[in-house]
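Structural characterization, general
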Amino acid sequence: MSYAQVIATLPDYIGKTVSINGWIANKRSSGKIIFLQIRDGSGFIQGVIVRDEAGEELFQNAETLTQESSVRVQGIVRKDERSKTGVELSVTALSVLQITHDYPITPKEHGVEFLMDHRHLWIRSSKQRAILKIRSEIIKAIRSFLDDHDFTQVDPPILTPSSCEGTTNLFHTKYFEEDAYLTQSGQLYMEAAAMALGRVYSFGPAFRAERSKTRRHLIEFWMIEPEMAFASHEDNLAVQEGLISYVVSHVLSNCSVELAALGRDTSKLEKVQAPFPRITYDEAISFLQANSFEINWGDDFGAPHETAIAKQYDRPVFVEKYPVGIKAFYMKPDPSRPEVALCADMLAPEGYGEIVGGSARIDDPELLLNRFREHQLSEEDYAWYLDLRKYGTVPHAGFGLGLERTVAWICGLEHVREPIPFPRLLYRLYP
RNA sequence: UCCUCGAUAGCUCAGCGGUAGAGCAUCCGGCUGUUAACCGGAGGGUCGUAGGUUCGAAUCCUACUCGGGGAGCCA
């Protein structure tokens, strides 16, 4: 021994003396024995101090420890069947960095408002740690899947001159003398990038200045937006189901400790394998009408509609070919049926709603120009976008994957405020 | 923006017209295997704010503030 170990690796050190750095998550003691729950970010271990074995000085020292006190601990790793990780630490030396007083988050229940006010401390708790760990693994899986499928990462701008889709409210700011807005989507820029690099993806934040107050909405969230030149609607769906099933299997094989900490039913995740079922918008409308929803062809789906559809399946489902009237201006109409678009939303199971939205993009210059005029978009502001159809236009398609909704679904969380470290919510900018 | 629910000890809540309560946390004491440890004791409150009704309001009424859930928007 001599250098500090990480708690997660301690099962490899049975019988050895190790030293660890960490915080006291909890302490239980009787007159002759003290149990310390020690965490270091990599995991948890129980430190045991028996008065007769450890000596009076160490015992008294350990007795002063409080929740979230910071410590360096030396001890012998022992196998113990009563431990969840199979090992315990018989503490032989203790060095206190700080005794913490009045840590606000106690090992009891707390309300949402209190926890959100203390988000900077809440992320230390085992469930929040597990969520952030899984978020990181999901990001890693997304990158490795896309990188292995010939995609190149391209970063679109965050400060933009105007709206990309024109439907949602944007955060306004000044760019010296000009007006500027925080991006709500990098998609149009990714279309330009796809014409330069073939297959591209962006990974960055998106901002929506909507007064949304639901468990599925964040003001600031992270999105992955792949875009592919020479790709069809079918190609687009194949990449999406390949990506999502890869991500889920990566989490299942790399995050078993975290999924267990969250109490996630992994049998539901194991069913998430491509191909995913596909239904058309028309079929979805018929299904909803047959189940006594009051909805007509041409209406968009609300959250209850999406949930009813998704509940029919044990894996994500694609709903494709929506009426062009309820979708974005750039979506390509189905040549055999121009009233519907070559688009699809992927609805996650268990009522988590839309996690992916994508489409084939209009590649015909005349048609795109017509759409600009119908939607009263500025041809001047978007001259660069129209240029993409002037200089070597090709069929292309892409999609946007909402990171927090995906993490919420895989972790089985109630709310998207938990899969992001410091959520920006309506009326909440602190901490 | 609209609908709906809520605000009482540091935290989670009970009390719903008649002297402000419990559990946890904190402090003191006890306990050799605890797992949200347990047992005994102590301190801790202008009942969100402002008005009103009443002999009397945490409790009933009105407005406001702050927060939860949902709708719309979407990832």
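As the structure is a prediction and not an experimental result, all values here were calculated from the model. (Residues numbered from 1 in each chain as written. Chains lettered and ligands numbered in written order. Predicted model: local features only at pLDDT ≥ 70, side-chain atom pairs only at ≥ 80, totals over all residues. Heavy atoms only, no water.)

1. Quick word on the pattern of salt bridges
Spelled out, the test is: For this document, the term salt bridge refers to a Lys or Arg side-chain nitrogen within 4 Å of an Asp or Glu carboxyl oxygen. Going along the chain from the N terminus, every DSSP run of H or I of four or more residues is numbered as a helix, and every run of E of two or more is numbered as a strand. Accessibility here uses a 1.4 Å probe with only protein chains present; expressed as a share of the type maximum, an area under 20% marks a residue as buried, one over 50% as exposed, and anything in between as partly exposed.
Tallied over the full model, the rule gives 26 salt bridges. Ionic pairing is found between Glu 56 and Arg 51, a salt bridge with its closest N-O pair at 3.0 Å. Here Lys 390 ties to Asp 387 by a salt bridge, and the two come within 3.6 Å at their closest N and O atoms. One end of the pair, Lys 390, and the other, Asp 387, are both in helix 13 (residues 383–390), 3 residues apart, so they sit about a helical turn from each other. Since its relative accessible area comes to 56%, Lys 390 is described here as exposed.

2. Structural notes on the domain arrangement of chain A
Convention followed: An automatic or database domain assignment provides the domain bounds reported here.
For chain A, the domain assignment lists domain 1 (7–98) and domain 2 (119–411). For domain 1 and domain 2, the distance between their C-alpha centroids amounts to 46 Å.

3. Some points on the protein's contact with RNA strand B
To keep things clear, this is the line we draw: Residue proximity to a molecule or strand is established when one non-hydrogen atom of the residue lies within 4 Å of it. Counted as a polar contact is a pair of N or O atoms within 3.5 Å, where, for protein atoms, one must be capable of donating a hydrogen and the other of accepting one, and residues adjacent in sequence contribute only when both atoms are in side chains. For this classification, Asp, Glu, Lys and Arg are treated as charged, while Ala, Val, Leu, Ile, Met, Phe, Trp, Tyr, Cys and Pro are nonpolar and the rest, including Gly, are polar.
Taken together, 48 residues lie around RNA strand B, and Arg 28, Glu 88, Arg 208, Arg 215 and His 217 are the ones closest in. Between RNA strand B and Gln 46 there is a distance of 2.7 Å, counted from a base oxygen to a side-chain nitrogen or oxygen. Contacts to RNA strand B include His 217, whose side-chain N or O atom sits 2.7 Å from a base nitrogen. Of all the secondary-structure elements, those providing two or more residues to the surface near RNA strand B are strand 2 (17–29), strand 3 (33–39), helix 3 (112–117), strand 12 (220–229), strand 18 (353–361) and strand 19 (396–402). Of all the elements, strand 18 adds the most residues to the surface near RNA strand B, at 4 residues. Here the surface near RNA strand B is built from residues that sort into 11 nonpolar, 18 polar and 19 charged.

4. Some words on the packing of aromatic side chains
Keep this limit in mind: Pairing of aromatic rings covers Phe, Tyr and the six-membered ring of Trp, with a centre-to-centre limit of 6.5 Å; geometry is then stacked below 30 degrees between planes, edge-to-face above 60, and tilted otherwise.
Taken as a whole, this structure holds 15 aromatic pairs when the rule is applied. Relative to Phe 176, the ring of Tyr 175 lies with its centre 5.6 Å away and its plane at 70°, an arrangement referred to as edge-to-face. Residue Phe 176 is classed as exposed on the basis of its relative accessible area of 69%. Ring geometry for Trp 384 against Tyr 385: centres 5.9 Å apart, planes inclined by 75°, an arrangement best described as edge-to-face. When its relative accessible area of 28% is taken as the criterion, Trp 384 is described as partly exposed. Here Tyr 385 falls in the buried class, since its relative accessible area comes to 0%. Through a chain of ring-to-ring contacts, three or more aromatic side chains come together here, namely Tyr 189, Phe 329, Tyr 330, Phe 372, Tyr 382, Trp 384 and Tyr 385.

5. Looking at unusual backbone geometry
For the bond running from Ala 274 to Pro 275, omega is 0°, close enough to zero to count as cis. As for its position among the elements, Pro 275 is in the loop between helix 9 (266–270) and strand 13 (278–280). Geometrically, the link from Tyr 430 to Pro 431 is a cis peptide bond, its omega value of 0° lying close to zero. Note on placement: Pro 431 falls in the segment after helix 14 (403–411). Notably, Asp 102 is not glycine yet its phi reads approximately 55°, a positive angle. Along the chain, Asp 102 turns up in the loop between strand 6 (87–98) and helix 3. Taking relative accessible area as the criterion, Asp 102 reaches 75% and is therefore assigned exposed. The phi dihedral of Phe 176 is positive, around 55°, even though this residue is not glycine. Position of Phe 176 relative to the elements: it lies in the loop between strand 9 (172–175) and strand 10 (178–182).

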